[in-house]
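Summary of the model geometry
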Amino acid sequence: MIYKKHNLKIHNWKYLKNTQNKNKIPNALLFHGNDGVGKELTAIEYAAYINCKSPIDCYACGKCDSCHRIKGNNHEYIDYIFPLPKGKITSKKDDISKSFTEKTLQQYSVELNKKLENPFHKIYIDGSNTILINSIRNIKNKIYKTIDDNVYRVIIIFEAEKLCYPNNQSANSLLKILEEPPKQSVFILITSKNNLLLDTIKSRCIELYFPNPSIEEFN
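The paragraphs below set out a description of the structure included in this document.

Parameters at a glance
Residues numbered from 1 in each chain as written. Predicted model: local features only at pLDDT ≥ 70, side-chain atom pairs only at ≥ 80, totals over all residues. Heavy atoms only, no water. Helix = DSSP H or I, 4+ residues; strand = E, 2+ residues; numbered from the N terminus. Rg over C-alpha atoms; globule rule 2.2 N^0.38 Å. Contact = heavy atoms within 4.5 Å. Areas by Shrake-Rupley, 256 points an atom, 1.4 Å probe, with all protein chains shown as cover. Lys, Arg positive; Asp, Glu negative; His and termini not counted. Charge placed at Lys NZ, Arg CZ, Asp CG, Glu CD. Salt bridge = Lys/Arg side-chain N within 4 Å of Asp/Glu carboxyl O. Axes fitted to C-alpha atoms, helices over the stretch in contact; angles between N-to-C directions. Parallel < 35°, antiparallel > 145°, perpendicular 65-115°, else oblique. Left-handed = near helix turned anticlockwise from the far one by under 90°. Nonpolar A, V, L, I, M, F, W, Y, C, P; charged D, E, K, R; others polar. Buried < 20%, exposed > 50% of the residue type's maximum accessible area, 1.4 Å probe, protein only. Phe/Tyr/Trp six-rings, centres within 6.5 Å; stacked < 30°, edge-to-face > 60°.

Looking now at the overall build of the protein chain. Along the protein chain, the regular secondary structure elements total eight helices and five strands. From first element to last, N terminus to C terminus, the protein chain shows the α and β order α-β-α-α-β-α-α-β-α-β-α-β-α. Over its C-alpha atoms the protein chain spans a radius of gyration of 17 Å, differing by no more than 12% from the 17 Å that the globule rule assigns to 219 residues. Put simply, of all contacts in the protein chain between residues at least 6 apart along the chain, 76% involve residues at least 24 apart. Here the protein chain has roughly 11600 Å² of accessible surface; of this, 47% comes from carbon and sulfur atoms. One way to put it: in the protein chain the 32 positive side-chain charges average out to a point 3 Å from where the 23 negative ones average out.

Here we come to the pattern of salt bridges. Tallying each qualifying case throughout the model produces 10 salt bridges. The closest approach of N and O atoms between R69 and E76, which form a salt bridge, is 2.2 Å. Notably, a salt bridge pairs D126 with K103, separated by 3.7 Å at the nearest N-O pair. Taken together, the positions of D126 in the loop between α4 (102–117) and α5 (133–143) and K103 in helix α4 put the pair 23 residues apart, joining distant regions of the chain. Salt bridges sharing common partners tie together D65, R69 and E76.

A few words now on the packing of α5 against helix α6 (residues 169–179). Interaxial distance between α5 and α6 falls to 8 Å at its minimum, and their mutual angle equals 15°. By the angle between their axes, α5 is roughly parallel relative to α6. For the crossing formed where α5 meets α6, the hand is left-handed. When α5 is examined against α6, the residues I133, I136, R137, K140 and I143 are found in contact with a partner set consisting of Q169, S170, S173, L174 and I177. Among the residues making up the contact of α5 with α6, the classes are represented as five nonpolar, three polar and two charged.

Let us look at the side chain of K202. Looking at the secondary structure, you find K202 in helix α7 (residues 199–202). We classify K202 as buried; its relative accessible area is 16%. Leaving out residues up to four positions away in the same chain, K202 has contacts with L30, N194, N195, L197 and E207.

This brings us to the packing of helix α1 (residues 10–21) against helix α2 (residues 39–51). Where α1 meets α2, the closest approach of the two axes is 11 Å, and the angle between their N-to-C directions is 20°. As far as their axial angle goes, α2 and α1 are roughly parallel. As α1 runs across α2, the sense of the crossing is right-handed. Two secondary-structure elements touch here, α1 through W13, L16, K17, T19, Q20 and N21 and α2 through T42, E45, Y46, Y49 and I50.

So, about the packing of aromatic side chains. Tallying each qualifying case throughout the model produces eight aromatic pairs. Taking 5.8 Å as the distance between ring centres and 50° as the angle between the ring planes, the aromatic pair formed by W13 and Y49 counts as tilted. Of this pair, W13 sits in helix α1 while Y49 sits in helix α2; the two residues are 36 residues apart in sequence, bridging distant segments of the chain. Aromatic side chains F82 and Y108 sit 5.3 Å apart centroid to centroid with 25° between the ring planes, which places their arrangement in the stacked category. Residue F82 is found in the loop between β2 (78–81) and α4, and its partner Y108 is found in helix α4; the two are separated by 26 residues along the sequence. Owing to a relative accessible area of 23%, Y108 belongs among the partly exposed residues under this scheme.

Geometric values such as these leave the question of function open.
If you want it as structure tokens, here you go:
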């Protein structure tokens, strides 16, 4: 594991590790449940596991080059999507870089690094309340490029319900990708408000529910 001090939900992890063991890694997963129950932790651990060079007992080793690059936020095949401010974006064709000012770019880097250091950290960027269609289009430009046979491109979408706010533009753009997903790509959507996601999005994902911990687990 790359987060050795945390526990994974055994039932969900058993399913996820079996997808790797049986070489049936899904193109789209939806992790839902209340805030703080380990959805983001599991998503990052799974991304590490399926790209790990030397997995140990069905977990990422935490020591190989791939694992180190994930925790250091410089893995070329792992991408994160979350709400961003609109900034100077005026068109859905604008590059996502237009959403950033010098201040928000610094904040973006700090917040994402905090998340990778502590997967329970909640990311927040000033002025952000929606997942921009530009973020989805930016990913679309990446995922159809050829990659090595033994790696997976993983796209983790935090606060996935905000694909649908204030409209469904971003959700519909993602839906087009999920309808014909490229090989060796895995989308992990994470939400605590599953009811706000489009049914068409949910129907293309394998859903994993993360329940609240028992009193024993909490202690």
